[in-house]
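Below are the chains, spelled out letter by letter.
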Amino acid sequence: MSIPLHLAVHVLGLTAAFGLAAFALARPQAVGRGRMSIVIGGLLLAGVHLVSGAFLTDGSWPLYVRTAAYASLAFGGVGGLMGATPVVVAAAPLSAHIAAAVAGVAAAWSSARGRVGQSLPTLPLVVGLVAWAAADALVRTSATLAGGLSIAGSLAIGFWLVRAANQSLLARFVAAFVALLLALVVGLAVASGTLFSNDLREDRLEALGTAASVRADQFSTDWPRDLQASATAVGGERLAEVVAQAAPARTNLDELARELTRLGSVDIALLVDRAGTVLGSWDALSQAPVGGTEQLALAGDPTIGTALAGTTTVGLAGVGDRGLYAIASHPLARAIDGEVRRDDQTGVLLLGRALHDIRALGRSAALAGADVTLVVGGSVAGTTISDPTMAAAVPQALATAAVREGDLGGRNAFIAPAPLIDPDGTVEGVLVFTEDASSVADVQRDTAATLFRIALFALIATALIAAWTARRTTAPITRLTRAAERVAGGDLAFRVDMDRPDEVGRLASAFDHMTESLELREYELIEAAEVESDLRTRLEAVTASMGEGLLATDPDGNVVTVNKTAARLLRSSPGRIVGRDIRRVLRGTVAGEPLIDQLGHVDDLETAEVRGTLGRGRRAVPISAIATPLLDDEGYLLGRVYVMRDITGEVEVERMKTEFLSNISHELRTPLTPIKGYAEVMRVKDIGRERTVEFAENIAEAARRLERIIGMLVDFASLEAGRMEIHLEPTDVGEQIDEVFQRWRKLEPERVFRRRVSKDVPQVNVDPRLLRRCIEELIDNSVKFSEEAITITAERDGIRHVRLTVKDLGMGIEPDALDSILRDFHQEDGSATRRYGGLGLGLSIVQRILDRFGADIVIESELDVGTDVHLYLPVARGKTS
């Protein structure tokens, strides 16, 4: 791990583990019989962090200790054995981290299912132990990830311990001090460790970059100059003459080139004639003439042409991915009478030094204390890196020419590239200095250990000081707490008697005066409480018996009182209403506006009275509500009182009255219009006997319709008032259906009426006249709303009822209208221009008649399919009236 991560892991882990042990010692009632197991487990974990944080150990044995610690915590979590020796899991060294992880999960499971901190939520503790276990499992896979998980686990357990400390002032005081110092110490240690680690890396990177730049400058500048001096020294007139004599005959001069490579720092030598033909060459590294590919590359180098022009030239010459040379090309000119003729060139001497020579690279590596790699044309031409994978990764690592730190064959390394630049500005290759970044690990390790010891010492010292200070501060508070508990238990004669000059002493004196006052007023309070209790009982009895709903709020608008009627109106219970905001309780509307807004604000001093609805949709209830302020004797606002009255009956009466007037006026005008019209025509002109008879029949039909309307009203009034006489007797259903059908077949000759009566249908106990009236009304509705056949069936339904069904294939009824179709004066289309007439009393009268029979009615309908009306008539058991 890095220094900051190492410090954070072990400082936080030690603190959290020791906190677990301290918790078990300080709160035995919270851990039960597993107290000592938890103490042992916490101390073992703290010891491991202490040893590991100071780098006092190597190997896997700390993981086995952690395994034993987790096992001890697992025993303690389930109330394990008192003083039990921790169980050490026997596992091979390679599986030590797995054993620790498994034991950690077991400890987390036992904490979740066991008795640790019964009064506290155990989720943070369980999460912390699971994170620790995961860190142990991953410690050999990813140290950074394991460190992060360990820190997360320590913070989770620390959070749990802080929550546990809230139940003790002393513990909370110490926990606050330790947490504050822990944050400070860890922060400073992490910051200093980070700075040190960064400085150490920067210094090493800078040194490596400097070495790379210096060596690259030597390769591309100093070495060519040295070669130039050597070429000038040996490339005189004698060598020029030899080349001139050998050129026509193409004499092989390899031996001469070999002699030239024995000069200091010369690896290759080439003798080239004026035509650019190589007469002789030698490679001292391979102890053979220069190969064909390398020979062509070197002979074609631009420095050869410049030398043939009479100028000694230096530079870098690459031979593909086989290497890179520092070269010097020197012109060979003959001398006449001791004077060199520059215009009489016989050839060129090329001397070179292999930059890719492992010996040259090795010397550079030894001086820099790092590996050196020469990259030419994107390939490794030479390297001192012994690992082939790392060496092959060097070209891919050269993203920039800057010093940096990065991955090299799976290992973190410092990389310092320096370009090798030809005098003409061409980059011929890159010299790369690399060093394993772990080279700074020993220095980091020592620094981390020192910082850990400093942080640990600071934490221990501060914790001891905090405990001593907290004890002195909390001791008198603890005494006051016990005194308060005595007083709360009813011992008002108890006194603290604490003589201190500070705030705590003054608090103790005030506490004693308070208990004296309480003792004197106890009797008065008891007496007042009895009076108030009696008054409250009577008041609650009054409000509970009110027919109106009552709610009272405090000045903030929260409900403090609600009676049963109000709870029933709100479709809730008093317990769920009390304490809620009145704006969330009284939800309804007044003329489209919110009900609560119309009743005034909670601090409004005016009285408001409205009529509206309470609730929404189908569950809305029409109410009359009044809101008035609640004031004390001095006029201060104590809240607001809301009184609500259910006016559903009144609204229904008003609706019925409105619908009745609308229907009756429409229905009366309908038959009166033809009566008046035909009579007026007959009065003013002679229309003949035939037309007179026709008009008279129409007038008679309208009169019968009017008579039927009046009859329905009279029957409805009689049924409503209970004045209609009903004679129940055994009645044959089929005969009543036939009698009704005879009249309707005359009225509707084109209509098809079907009758289906089962043979086993018994007689029913009804009034025959009123049964026919019910069938008439149902057929009238079917004829009105259907143009298809109408079918009446009768069949036995169990042993007590006969089911009589009137079925049509008409327009049907909306599903939402089925609940209201039986209401008085109700019509689906109540407009003055409606297509179908009627008072809306037919089904209402049928239901009232059936109620007197002790029968039921059920309506089934589907829009655009038809309607089935079922009458469940009681089977006759004898003649009654």
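Residues numbered from 1 in each chain as written. Predicted model: local features only at pLDDT ≥ 70, side-chain atom pairs only at ≥ 80, totals over all residues. Heavy atoms only, no water.

Section: the overall build of the protein chain
Item 1. Within the protein chain, the secondary structure is distributed over 25 helices and 24 strands.
Item 2. The contacts in the protein chain between residues at least 6 apart in sequence include a share of 62% that link residues at least 24 apart. (Helix = DSSP H or I, 4+ residues; strand = E, 2+ residues; numbered from the N terminus. Contact = heavy atoms within 4.5 Å.)

A few points about the nonpolar core
Nonpolar side chains in soluble globular proteins generally cluster together in the buried interior.
Item 1. Within the largest apolar cluster, 45 residues are counted, with the highest numbers of intra-cluster contacts made by Leu 355, Leu 420 and Leu 431.
Item 2. A per-element tally of this core places helix α8 (residues 169-234) first, with 8 residues.
Item 3. In this view, Leu 431 contacts Ala 212, Arg 215, Ala 216, Phe 219, Leu 361, Val 372, Thr 373, Leu 374, Ala 416, Pro 417, Ala 418 and Leu 420; residues no more than four positions away in its chain are not counted. (Core = buried A, V, L, I, M, F, W, Y, C linked by side-chain atoms within 4.5 Å. Buried < 20%, exposed > 50% of the residue type's maximum accessible area, 1.4 Å probe, protein only.)

Brief notes about the pairing of strand β16 (residues 621-631)
Item 1. Inspection of the sheet shows strand β15 (residues 608-614) paired to β16 by 7 bridges, in the antiparallel sense. Bridged to Leu 614 within β16 is Val 621.
Item 2. Following β15, the chain reverses through 6 residues before pairing antiparallel with β16; Gly 615 in that reversal takes a positive phi of roughly 95°.
Item 3. The pairing of β16 with strand β17 (residues 637-646) spans 9 bridges and is antiparallel. The residue of β17 that forms the bridge with Ala 627 is Tyr 642.
Item 4. Here β16 folds back onto β17, and the loop between the two strands holds 5 residues, one of which, Gly 635, carries a positive phi near 90°. (Pairing = 2+ DSSP bridges.)

Thoughts on unusual backbone geometry
Item 1. We note that Gln 287 has phi near 55°; this positive angle belongs to a residue other than glycine.
Item 2. If you trace the backbone, Gln 287 turns up in the loop between β2 (278-283) and α11 (292-299).

Brief notes about the sheet that holds strand β21 (residues 790-797)
The pairing of strands in a sheet comes from backbone hydrogen bonds and takes either a parallel or an antiparallel form.
Item 1. Strands sit in the order β19-β21-β22-β24-β23 across an open sheet of 5 strands; the sheet is mixed. Edge strands, defined here as strands with exactly one partner in the open sheet, are β19 (753-757) and β23 (856-862). Along the sheet, successive strands turn relative to each other by an average axial angle of 15°, direction set aside.
Item 2. Note that β23 and strand β24 (residues 866-874) share 7 bridges and pair antiparallel. Residue pairing in the sheet places Glu 860 in a bridge with Asp 868 of β24.
Item 3. This element, helix α23 (residues 733-747), spans β19, β21 and β22 (801-808) of the sheet and lies at about 175° to β19.
Item 4. Contacting β19, β21, β22 and β24, helix α24 (residues 768-785) runs over the sheet at an angle of about 135° to β21. (Axes fitted to C-alpha atoms, helices over the stretch in contact; angles between N-to-C directions.)

A short note on a positive patch on the surface
Item 1. On the surface, a cluster of positive charge is contributed by Arg 576, Arg 580, Arg 584, Arg 587 and Arg 616.
Item 2. Looking at the element boundaries, Arg 616 is found in the loop between β15 and β16. (Patch = residues over 30% accessible without salt bridge, like charges linked within 9 Å, V, L, I, M, F, W, Y side chains within 5 Å. Areas by Shrake-Rupley, 256 points an atom, 1.4 Å probe, with all protein chains shown as cover. Salt bridge = Lys/Arg side-chain N within 4 Å of Asp/Glu carboxyl O. Lys, Arg positive; Asp, Glu negative; His and termini not counted. Charge placed at Lys NZ, Arg CZ, Asp CG, Glu CD.)

Regarding the sheet that holds strand β10 (residues 427-436)
Item 1. Taken in spatial order, the 5 strands of this open sheet run β7-β6-β10-β9-β8, and their pairing is antiparallel. At either margin of the open sheet sits one strand with a lone partner, and together these are β7 (379-383) and β8 (404-408). With strand direction ignored, the average angle separating the axes of adjacent strands in the sheet is 40°.
Item 2. Strand direction decides the pairing type here: β8 and strand β9 (residues 411-421), joined by 5 bridges, are antiparallel. Paired with Leu 408 across the strands is Arg 411, a residue of β9.

Side note on the side chain of Thr 373
Item 1. The residue Thr 373 is located in strand β6 (residues 371-376) in this model.
Item 2. Judged by relative accessible area, Thr 373 falls into the buried class, the value being 0%.
Item 3. A polar contact is formed between the side chain of Thr 373 and the side chain of Thr 383, at a distance of 2.7 Å.
Item 4. When sequence neighbours within four positions are dropped, the list of residues in contact with Thr 373 reads Val 380, Gly 382, Thr 383, Ile 385, Val 394, Val 430, Leu 431 and Val 432. (Polar contact = N/O pair within 3.5 Å; in protein donor to acceptor, adjacent residues only side chain to side chain.)

Thoughts on α11
Item 1. Buried within α11 we find Glu 294, Leu 298 and Ala 299. Seen along its axis, α11 keeps its buried residues to an arc of 125°; they face one direction. Exposed side of α11, more than 90 degrees from the buried face: Gly 292 and Leu 296 are the residues found there. (Arc of directions from axis to C-beta.)

Side note on the packing of α23 against α24
Item 1. Closest axis-to-axis distance for the α23/α24 pair is 10 Å, and the angle between their directions is 45°. Relative to α24, the element α23 lies oblique. Between α23 and α24 the crossing geometry is right-handed. Between α23 and α24, the contacting residues are Gln 736, Ile 737, Glu 739, Val 740, Phe 741, Arg 743 and Trp 744 on the first element and Pro 768, Leu 771, Arg 772, Ile 775, Glu 776, Ile 779, Asp 780 and Val 783 on the second.
Item 2. Along the lines of polarity and charge, the residues of the contact of α23 with α24 split into 9 nonpolar, 1 polar and 5 charged. (Parallel < 35°, antiparallel > 145°, perpendicular 65-115°, else oblique. Left-handed = near helix turned anticlockwise from the far one by under 90°. Nonpolar A, V, L, I, M, F, W, Y, C, P; charged D, E, K, R; others polar.)

Description of the packing of aromatic side chains
How two aromatic rings sit relative to each other is set out by the distance from centre to centre and by the angle between their planes.
Item 1. Summed over all chains, the structure comprises 2 aromatic pairs.
Item 2. Summarising the aromatic geometry, the rings of Phe 219 and Trp 223 are spaced 4.4 Å apart at their centres and angled 45° between planes, so their arrangement reads as tilted. Pair noted here: Phe 219 and Trp 223 are both in helix α8, with a separation of 4 residues, about one helical turn.
Item 3. Note on Phe 219: relative accessible area 0%, which makes it buried.
Item 4. Residue classification places Trp 223 among the buried residues on the basis of a relative accessible area of 7%.
Item 5. Centroid distance Phe 741 to Phe 753: 5.5 Å. Interplanar angle 50°. Geometry classified as tilted. In this pair, Phe 741 is assigned in helix α23 and Phe 753 in strand β19, connecting sequence segments 12 residues apart.
Item 6. The exposure class assigned to Phe 741 is buried, which follows from its relative accessible area of 0%. (Phe/Tyr/Trp six-rings, centres within 6.5 Å; stacked < 30°, edge-to-face > 60°.)

Structural notes on the pattern of salt bridges
Item 1. One pass over the full model with this rule turns up 9 salt bridges.
Item 2. Here Glu 739 ties to Arg 772 by a salt bridge, and the two come within 3.4 Å at their closest N and O atoms. With a gap of 33 residues between them, Glu 739 in helix α23 and Arg 772 in helix α24 connect regions that are remote in the sequence.
Item 3. Among the salt bridges present, the one from Arg 743 reaches Glu 776, with a minimum N-O distance of 2.5 Å.

A few points about the environment of Val 243
Item 1. Counting through the fold element by element, Val 243 comes out in helix α9 (residues 237-249).
Item 2. The buried category is assigned to Val 243, whose relative accessible area is 0%.
Item 3. Sequence separation between Val 243 and Gln 345 is 102 residues; the distance between their C-alpha atoms is 10.0 Å.

Any functional reading would require information that these geometric values do not contain.
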